[in-house]
Amino acid sequence: MSDTAWLALCRISGLGSLRQQALLARFATAAACFQTGAGMLQGLGLSARQIQALQKDPEDILTAADRRWLNSPDTDLCRWTDADYPPLLRQIPDPPPLLFIRGQRSCLSQPMLAIVGSRSASAAGTITAEAFARSLGESGLCITSGLALGIDAAAHRGALTSGTVAVLGTGADLIYPRANLQLAHRLIEHGLIISEQAPETGPHSGLFPRRNRIISGLSLGVLIVEAAENSGSLITARLAMEQGREVFAIPGSIHSPLSRGPHRLIREGAKLVESAEDVLSELGPLYGALRQSRPVTAPNHWTPEDPRQAQVWAVLDFDPLSAEEIAARCGLTLSELSAILLEMEISGYLTASPGGRFCRLPPIS
């Protein structure tokens, strides 16, 4: 029933990621959400129709497209509770509880860098994006983007052999735009397609900004290559800043409208990039930590040696605390804390639970 319940939860109208997280925090599993009386669902901000839906058998909520997805050998689900759910994505304010995936699931565990930019890119811009994606991919980063025309497509092409992740604003069974259908098929062989949208969800303007938070949320940083001043790529950059991720921008000609977006970001504090090494050197220890295999058990010592991690460890307990509570007790900003929590999760000192809460892992005896 587990996969059926996860997909059914995703299908309930108006039950966005935050309410799904609230349900999972309260009842632990998707299946348990459907095995709970209506009285227990009161006070969670659910409508009467949503509570009524949660009283149904999950099988009665699924569509034919959902059943095809569950029965196909070429499709999969990544649930919030799965061990390989991307740790960086867990830390954003509203992580998707369920990801629909096609391709090489191992990409989920790779350190990622987003490369995004204009759909109407110049020839020079597409060459630059592809070259940076190839170089950064060969250095060990998995390149993530949105499979749009222009810079996105060039970034995916450059990273095909090393590994690339495409985050869609449609269902993962629908490729949009259709012009990138052949690229998508190649990408599935060497990388991964991800969506939080249920199967057969078509393109809609409101879904793409939601998609952008996942692109930045998966990634250590975002590199902007050509973007108009009001480009959707700048939304991705803004989300990355809010999530505490690095933002990089490649400058261009002052006469090109497509340079205005990167130049604006640089004025606002984005790192000016001229080579792949500029990106790698800035990512520093987080990049190095994520390249290593993530342990599944706690380390053989009690207190982290790093003084910043030791400070956070001292306030953690075996009962989950929110990032806000930890930051207040440590006197850290959320941006500073985000990087420390990631390092500690990778090292096996703590674990993240639904709702963006963290607690200690016990040491190995």
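Residues numbered from 1 in each chain as written. Predicted model: local features only at pLDDT ≥ 70, side-chain atom pairs only at ≥ 80, totals over all residues. Heavy atoms only, no water.

A few points about helix H11 (residues 207–218)
Piece 1. A rise of 1.5 Å per residue sets the reference length of H11, with its 12 residues, at 16 Å; its end C-alpha atoms lie 17 Å apart and thus fit the reference within 8%.
Piece 2. Within H11, 10 of the 12 residues are buried, which leaves the element mostly enclosed by the surrounding structure.
Piece 3. Those residues of H11 that sit buried are Leu207, Phe208, Arg211, Asn212, Arg213, Ile214, Ile215, Ser216, Gly217 and Leu218. (Helix = DSSP H or I, 4+ residues; strand = E, 2+ residues; numbered from the N terminus. Expected span 1.5 Å × (residues − 1). Buried < 20%, exposed > 50% of the residue type's maximum accessible area, 1.4 Å probe, protein only.)

A closer look at the packing of helix H15 (residues 307–315) against helix H16 (residues 323–330)
Piece 1. Interaxial distance between H15 and H16 falls to 9 Å at its minimum, and their mutual angle equals 115°. Taken together, the axes of H15 and H16 are roughly perpendicular relative to one another. Seen along the crossing, H15 lies across H16 with a hand that is right-handed. Together, Gln311, Val312 and Val315 of H15 and Ile326, Arg329 and Cys330 of H16 make up the contact between the two elements. (Axes fitted to C-alpha atoms, helices over the stretch in contact; angles between N-to-C directions. Parallel < 35°, antiparallel > 145°, perpendicular 65-115°, else oblique. Left-handed = near helix turned anticlockwise from the far one by under 90°. Contact = heavy atoms within 4.5 Å.)

Points about the sheet that holds strand S9 (residues 271–272)
Piece 1. Taken together, the 9 strands give an open sheet; going across it, the order is S1-S2-S6-S5-S4-S3-S7-S8-S9, and neighbouring strands pair in mixed fashion. Edge positions in the sheet fall to strand S1 (76–79) and S9, since each of these pairs with one other strand and no more.
Piece 2. With 4 bridges joining them, strand S2 (residues 98–103) and strand S6 (residues 192–195) adopt antiparallel strand pairing. Bridge pairing in S6 places Arg102 opposite Ile193.
Piece 3. Along the sheet face, helix H9 (residues 151–158) touches strand S3 (112–117), strand S4 (142–145), strand S5 (164–167) and strand S7 (221–225) and points at about 145° away from the line of S3.
Piece 4. In the packing of helix H12 (residues 232–242) onto the sheet, contacts are made with S3, S7 and strand S8 (246–250), and the angle to S7 comes to roughly 155°. (Pairing = 2+ DSSP bridges.)

A closer look at the pattern of salt bridges
Piece 1. Scanning all chains against the criterion turns up 18 salt bridges.
Piece 2. In this structure, Glu200 engages Arg68 in a salt bridge whose closest nitrogen and oxygen atoms are separated by 2.9 Å. With Glu200 in the loop between S6 and H11 and Arg68 in helix H6 (residues 64–71), the pair connects residues that are 132 residues apart, well separated along the chain.
Piece 3. Residue Glu200 is classed as partly exposed on the basis of its relative accessible area, which comes to 48%.
Piece 4. Two residues, Arg105 and Asp82, come together in a salt bridge whose shortest N-O distance is 3.0 Å. Residue Arg105 is located in the loop between S2 and S3, and its partner Asp82 is located in the loop between S1 and helix H7 (87–90); the two are separated by 23 residues in the primary sequence.
Piece 5. Given the relative accessible area of 23%, Arg105 is considered partly exposed.
Piece 6. Judged by its relative accessible area of 15%, Asp82 is buried.
Piece 7. When salt bridges with common partners are traced through the structure, they connect Asp3, Asp76, Arg79, Asp82, Asp84 and Arg105 into a single cluster. (Salt bridge = Lys/Arg side-chain N within 4 Å of Asp/Glu carboxyl O.)

Quick notes on unusual backbone geometry
Piece 1. With an omega of 0°, the peptide bond running from Tyr176 to Pro177 counts as cis.
Piece 2. Along the chain, the position of Pro177 falls in the loop between S5 and helix H10 (181–190).
Piece 3. For Glu226, which is not glycine, the phi torsion reads 65° and is therefore positive.
Piece 4. Mapped onto the secondary structure, Glu226 falls in the loop between S7 and H12.

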